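Each chain, written out:
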Amino acid sequence: MTEAEAPTWQEQALHICAVRDASMATIKAELPDMSGDKHIARVIGVPRLRLTERDVHITESAAEDLVRQLAAGEVKAKEAALAFLRRAVIAHQLTNCIYELLHDRALGRAQELDDYLANNGKPIGPLHGLPISVKEHISVSGCENTAGFVGWAGRRKDEDASIVKILLDAGAVLYARTTEPQGLMAIETQSNITGVTVNPHNRALTCGGSSGGEAALLALRGSPLGIGSDIGGSIRLPAAHCGLYGFKPSSGRLPLMGLEAYCIGSDTIAPSIGPLSPSLGGIKLFMDTVLMSEPWHNDPSLLPVPWASQAGHIHQQEKLPLVVGVMWTDGIVQPAPPIKRALLEVVDKLKSTPDVQVIDWQPFKQNEALEILKRLYSPDGGRAFMENLALSGEPILPLPAWTVRDQPGIEALDIKGLWYWTRKRDQFRYSYLKEWNTVAPNMDVILCPAYPMPAPGHGTSRYWGYTSLWNLLDYPAITFPVTRVDREKDGQAPGYIPQNDSDRWCYDSYNVQKQRDAPVSLQLVARKSKDAELLQAAEKIQREIGLPFVDCLA
């Protein structure tokens, strides 16, 4: 290559991967050889065989338990950082989930925290010493932000994203950045930079996207708490596919400053930032920490609403039951057998819980919602996405192409068209809330699928109606694990005739043998801005009926 020649997109991608590999080299050299694990499909238990008993204890402690151990000095911050760095390297070798490790930065920060605790006799904050991981497009000072585009290589931010600053101020240790799909626009995790990230429960299946690197890392206990983003299911679907908890808050609750994406500035569908964790307590710890810092004082886009998670149950004073509406289907794509079974098992237990009332909730104008979403996800018909690919010459991948350009109904809107579909969005939001208030005014939360099936095979994820609906409405939603695929119970129902192309895709894509060992998760949703109440309801349901029924991470 002469001095005048620009590097090819392949050369740029290889350089990024070389930086990643160099960030892991020191830790990797300390670990046993992993080549013998390549043939294993389910690798959830592999890290336990490659680490010391002490490292396993630290890395398999729930975030809410680990912070107590760190605050008491039972675990040193540097010890925890090293344990999670080692487990992250193992997780990457098994699933291809790491974009970059921050080895020196993490150990330097951890040592500062250990010194602070020794000198002051108290932790620096509620997350003192807790290792955290972050999706690549969330800015970290001095690090690249490609947002899944090869042509963005070399772009760097000189300060941390607002959410990262808050967590660091609370005592967290940032040690890992994780993979994401091309341009962030897919519900699987594949890019021309890092390749395909796979599901540790079954490596023939997708880990989901776009926060798929986070989910794969967390499922292998390579992180106790991660930060993702969600504009159509990008926190909740990876969490669901990997047996985790994933929370999408309402917009205006958590700060978005410092996130990089090609569509930043468009508010047709509001993005959210939020946590993924192996435990529900980790989700609560994250939200408590961020919102008790009152971030609205530094960000005018945030609602100045105090966080009420410490309050009692949402109906404690009125002595009313928790009312759960069950949406068995969205009316477009019928859930596969394991999703139906999970719903039935959860509902059966809820019905026998004294202070919970279960009602049915019918899907409302789902076809209309999907038509609006198609236009507002890609109002330029994919033009900006293609322009960013052209910066390096990289080819578009099939799933992002479907999301931003090729899906029937996507069109390049002029300004009047944009006004029209934005108005349709607002009218739909009004109509949905009116339906809720008219049909079930006392309903607190909606229980529904997160996805029509457990994690599907790679390259097949083209329907996100069960999650994107709540982005359109801007309602908070959380996904949670229930059980796993059972080959004896979850065979395809004979005689079913799919009702449309999307339904046919789901019916044809589900295979109980191929999706063996996959986690089965569900979703809980509340009205806009009822984020604290939603988490309270999730805690109550988990406590009362003993979720998950099967621990998929064991």
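All figures in this text were calculated on a predicted structure; none of them were measured in a lab. (Residues numbered from 1 in each chain as written. Predicted model: local features only at pLDDT ≥ 70, side-chain atom pairs only at ≥ 80, totals over all residues. Heavy atoms only, no water.)

A. Spotlight on the sheet that holds strand 6 (residues 226–230). On the basis of which strands lie adjacent, the open sheet formed by 11 strands has the order 1-3-2-6-8-7-12-13-11-9-10 and mixed pairing. Of all strands in the sheet, those with a lone pairing partner are strand 1 (98–101) and strand 10 (356–360), marking the two edges. Across the sheet, the axes of successive neighbouring strands diverge by a mean angle of 30 degrees, strand direction being ignored. Here two bridges tie strand 7 (residues 245–248) to strand 8 (residues 272–277), and the two strands are oriented antiparallel to one another. Paired with Tyr-245 across the bridge in strand 8 is Ser-277. (Pairing = 2+ DSSP bridges. Helix = DSSP H or I, 4+ residues; strand = E, 2+ residues; numbered from the N terminus. Axes fitted to C-alpha atoms, helices over the stretch in contact; angles between N-to-C directions.)

B. Main features of the UniProt feature "binding site: substrate" (unreviewed entry) in the protein. Following the UniProt record, one finds the feature "binding site: substrate" (unreviewed entry) at Leu-184, Ser-210, Ile-231, Gly-232, Gly-233 and Ser-234. Their sequence span is 51 residues, while the largest C-alpha to C-alpha distance among them is just 11.5 Å; these annotated residues converge on one region. Tracing the sequence through the fold places Gly-232 in the loop between strand 6 and helix 9 (236–241). Residues within four places of Gly-232 in sequence aside, it is in contact with Tyr-377, Trp-464, Thr-467, Ser-468 and Asn-471. Within the secondary structure layout, Ser-234 lies in the loop between strand 6 and helix 9. You can call Ser-234 buried: its relative accessible area is 6%. For Ser-234, the contacting residues outside a window of four places in its chain are Lys-135, Gly-209, Ser-210, Ser-211 and Ser-229. (UniProt positions renumbered as here; feature names shortened; annotations may be inferred. Contact = heavy atoms within 4.5 Å. Buried < 20%, exposed > 50% of the residue type's maximum accessible area, 1.4 Å probe, protein only.)

C. Examining the state of the cysteines more closely. Under the defined criterion, the tally for this structure stands at zero disulfides. Of all cysteine sulfurs in the structure, the one in Cys-242 sits closest to Cys-207, which takes part in no disulfide; the separation is 5.5 Å. Judged by relative accessible area, Cys-207 falls into the buried class, the value being 0%. Cysteine Cys-552 is unpaired, with the sulfur of Cys-242 as its nearest cysteine sulfur at 10 Å. (Disulfide = S-S within 2.5 Å.)

D. View of the side chain of His-128. Its location among the elements puts His-128 in the loop between helix 6 (103–120) and strand 2 (131–135). The class of His-128 is buried, set by a relative accessible area of 2%. Among the polar contacts listed, one links the side chain of His-128 to the backbone oxygen of Leu-113, at a separation of 3.5 Å. Within the structure, the side chain of His-128 is placed 3.0 Å from the backbone nitrogen of Ile-124, a separation counted as a polar contact. For His-128, the residues in contact, after removing those within four places along its chain, are Leu-70, Leu-113, Leu-117, Pro-123, Ala-170 and Gly-171. (Polar contact = N/O pair within 3.5 Å; in protein donor to acceptor, adjacent residues only side chain to side chain.)

E. Seen up close, the nonpolar core. Within the largest apolar cluster, 157 residues are counted, with the highest numbers of intra-cluster contacts made by Ile-163, Ile-227, Tyr-432, Ile-446, Leu-447, Trp-470 and Leu-524. By residue number, the principal contributor to this core is helix 5 (residues 77–95), which donates 11 residues. Shared between two domains, this core holds at least three residues of each, these being domain 1 (9–261 + 282–295) and domain 2 (322–489 + 499–545). Beyond its immediate sequence surroundings of up to four residues, Leu-524 is in contact with Val-445, Ile-446, Leu-447, Pro-476, Ala-477, Ile-478, Phe-480, Leu-534, Ala-537, Ala-538 and Ile-541. By size, the runner-up hydrophobic cluster in this structure holds 10 residues, among which are Trp-152, Leu-184, Ala-261 and Tyr-262. (Core = buried A, V, L, I, M, F, W, Y, C linked by side-chain atoms within 4.5 Å. Domains from an automatic or database assignment.)

F. Expanded view of the packing of helix 15 (residues 415–439) against helix 16 (residues 465–473). Relative orientation of the contacting elements helix 15 and helix 16 amounts to 100 degrees, with a least axis distance of 9 Å. The angle between helix 15 and helix 16 places the two elements in the roughly perpendicular class. Residues Arg-425, Phe-428, Arg-429 and Tyr-432 of helix 15 pack against Leu-469, Trp-470, Asn-471, Leu-472 and Leu-473 of helix 16. Counted by class, the contact of helix 15 with helix 16 contains six nonpolar, one polar and two charged residues. (Parallel < 35°, antiparallel > 145°, perpendicular 65-115°, else oblique. Nonpolar A, V, L, I, M, F, W, Y, C, P; charged D, E, K, R; others polar.)

G. Here's a closer look at the packing of aromatic side chains. Across all of its chains, the model carries 18 aromatic pairs by this definition. Pairing Tyr-451 with Trp-505 gives two aromatic rings, centres 6.2 Å apart and planes at 80 degrees, and the pair type is edge-to-face. You can see Tyr-451 sitting in the loop between strand 11 (445–449) and helix 16 and its partner Trp-505 sitting in helix 17 (residues 501–509), a full 54 residues away along the chain. Each member of the pair, Tyr-451 together with Trp-505, is buried. Here the aromatic cluster, defined as three or more aromatic residues joined through ring pairs, consists of Trp-361, Phe-364, Phe-428, Tyr-432, Trp-436, Trp-470 and Tyr-475. A cation sits over an aromatic face here: Arg-155 above Trp-152, 4.1 Å from the ring centre. (Phe/Tyr/Trp six-rings, centres within 6.5 Å; stacked < 30°, edge-to-face > 60°. Lys NZ or Arg CZ within 6 Å of the ring centre and 35° of its normal.)

H. Quick look at the packing of helix 12 (residues 366–377) against helix 16. Contact geometry of helix 12 with helix 16 gives a least axis separation of 10 Å together with a crossing angle of 75 degrees. Comparing the axis directions of helix 12 and helix 16 gives the class roughly perpendicular. In contact with Gln-366, Ala-369, Leu-370, Ile-372, Leu-373 and Tyr-377 of helix 12, helix 16 contributes Gly-465, Ser-468, Leu-469, Asn-471 and Leu-472. Here the contact of helix 12 with helix 16 is composed, by residue class, of seven nonpolar, four polar and no charged.

I. The arrangement of the pairing of strand 2 in detail. Of all five residues in strand 2, five are buried; the element is thus mostly enclosed. Residue alternation in strand 2 divides its side chains into two sets, Pro-131, Ser-133 and Lys-135 and Ile-132 and Val-134, and both sets are buried. Bridging between strand 2 and strand 3 (residues 173–178) involves five bridges; their strand directions are parallel. Residue Pro-131 lies in a different strand from strand 3, and its bridge partner there is Val-173.

J. Expanded view of the pattern of salt bridges. Counted according to the given criterion, the structure contains 28 salt bridges. Arg-50 is paired through a salt bridge with Asp-37; the nearest N and O atoms lie 2.8 Å apart. Of this pair, Arg-50 sits in helix 2 (residues 46–50) while Asp-37 is found in the loop between helix 1 (9–30) and helix 2, placing the two residues 13 residues apart along the sequence. Using a relative accessible area of 22% as the deciding quantity, one classes Arg-50 as partly exposed. For Asp-37, a relative accessible area of 5% gives the class buried. A salt bridge links Asp-490 to Arg-341; its shortest N-O distance comes to 2.7 Å. Taken as a pair, Asp-490 in the loop between strand 12 (477–484) and helix 17 and Arg-341 in helix 11 (residues 337–351) lie far apart in primary sequence, 149 residues in all. Exposure remark for Arg-341: the relative accessible area of 13% places this residue in the buried category. Because the salt bridges share partners, they merge into one network encompassing Glu-371, Lys-374, Arg-375 and Glu-411. (Salt bridge = Lys/Arg side-chain N within 4 Å of Asp/Glu carboxyl O.)

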